[in-house]
Amino acid sequence: MTLKKIPVWVMGAVFALVFVSCSKSKNDESQPPAGGGGSAGATAITINVYNMAFPASTTVKKGTTVKWYNKDNYAHTVTSNDGSTFSSGNLAAGATYSYTANKAGTFNYYCIYHSGMKGILIVTE
């Protein structure tokens, strides 16, 4: 059995396909979109911070623990607009921040580092 020479361009194409598939960032993987949406009645939920975005809004019942999980490669914050209801401080890539929603209301929040990242936490009785 003899081995045939493989053209250089074929090897280059194979290398390129392998390189691209192995070098995806974790944000390119099939992950759920930013958010967790929340479900009224849960005692704990997780909101995924993904692709430089929070979910538009999340609704939970009073007493629910809300955990934001930073699935981005960048640091973020989870900061209520009033600056006092909740504030995660620096939330590094892969880190989480939890807040127990003990007060009913609508709480707008944002990322201090990325002004386009905004979300709303709605807490019902």
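Note that the coordinates shown come from a computational prediction; the quantities given were computed from them, not determined experimentally.

Reading the values: the criteria
Residues numbered from 1 in each chain as written. Predicted model: local features only at pLDDT ≥ 70, side-chain atom pairs only at ≥ 80, totals over all residues. Heavy atoms only, no water. Helix = DSSP H or I, 4+ residues; strand = E, 2+ residues; numbered from the N terminus. Buried < 20%, exposed > 50% of the residue type's maximum accessible area, 1.4 Å probe, protein only. Contact = heavy atoms within 4.5 Å. Areas by Shrake-Rupley, 256 points an atom, 1.4 Å probe, with all protein chains shown as cover. Pairing = 2+ DSSP bridges. Axes fitted to C-alpha atoms, helices over the stretch in contact; angles between N-to-C directions. pLDDT = per-residue confidence, 0-100. Phe/Tyr/Trp six-rings, centres within 6.5 Å; stacked < 30°, edge-to-face > 60°. Core = buried A, V, L, I, M, F, W, Y, C linked by side-chain atoms within 4.5 Å.

**Student:** Quick rundown of the overall build of the protein? Include the residues and the values.
**Tutor:** Assigned secondary structure in the protein consists of 1 helix and 7 strands. For the protein, the α and β elements follow one another from N to C terminus as α-β-β-β-β-β-β-β. Counting all 125 residues of the protein, 29% fall into the buried class. Within the protein, residue pairs in contact and separated by at least 24 positions form 44% of the contacts whose partners lie at least 6 positions apart. Accessible surface computed for the protein: about 7,600 Å², of which carbon and sulfur atoms make up 58%.

**Student:** Tell me what's going on with the sheet that holds strand β5 (residues 96-100), and back it up with residues and numbers.
**Tutor:** Reading across the sheet, the 3 strands line up as β1-β3-β5 and stay open at both edges, with mixed pairing between neighbours. The open sheet has two free edges, formed respectively by β1 (44-49) and β5, since each of these has just one partner strand. When the angles between neighbouring strand axes are averaged without regard to direction, this sheet yields 20°.

**Student:** Can you explain the confidence of the model for the protein? Please cite residues and give values.
**Tutor:** Here the protein averages 79 in pLDDT, and 66% of its residues register 70 or above. Here residues 9-40 is a poorly scored stretch, pLDDT under 50, and it has 45 contacts once near neighbours within four places are set aside; other chains count.

**Student:** Describe in detail unusual backbone geometry, supporting the description with residues and values.
**Tutor:** What is expected of a backbone is that most residues other than glycine have negative phi and most peptide bonds are trans. One non-glycine residue, N51, lies in the positive phi region at around 60°. Checked against the element boundaries, N51 lands in the loop between β1 and β2 (57-61). Residue class for N51 comes out exposed when judged on its relative accessible area of 55%. One non-glycine residue with positive phi stands out, namely M52, at about 60°. Its place among the elements puts M52 in the loop between β1 and β2.

**Student:** Explain the packing of aromatic side chains to me, and be specific about the residues and the numbers.
**Tutor:** Enumeration according to the criterion identifies 6 aromatic pairs in this entry. Residues F54 and Y109 carry aromatic rings whose centres are separated by 4.9 Å and whose planes lie at 65° to one another, so their mutual orientation is edge-to-face. Taken together, the residues span a long stretch of sequence, with F54 in the loop between β1 and β2 and Y109 in strand β6 (residues 105-110) at a distance of 55 residues. What makes Y109 buried here is its relative accessible area of 2%. Ring plane angle 75° and centroid distance 5.4 Å describe the contact between W68 and Y109, whose orientation is recorded as edge-to-face. You can see W68 sitting in strand β3 (residues 65-70) and its partner Y109 sitting in strand β6, a full 41 residues away along the chain. For W68, a relative accessible area of 0% translates into the label buried. Here the aromatic cluster, defined as three or more aromatic residues joined through ring pairs, consists of F54, W68, F86, Y97, Y99 and Y109.

**Student:** Kindly report on the sheet that holds strand β7 (residues 118-124), identifying the contributing residues and their values.
**Tutor:** Across the sheet, 4 strands lie side by side as β2-β7-β6-β4; this open sheet has mixed pairing. The open sheet is flanked by β2 and β4 (79-80), the only strands paired with a single partner.

**Student:** Go over the nonpolar core with me, naming the residues and quoting the values.
**Tutor:** In this structure, F54, W68, V78, F86, Y109 and L121 are the most contacted members of the largest nonpolar core, which totals 19 residues. Counting residues per element, the ones that place at least two in this core are β1, β3, β5, β6 and β7. Top contributing element to this core by residue count: β1, with 3 residues.

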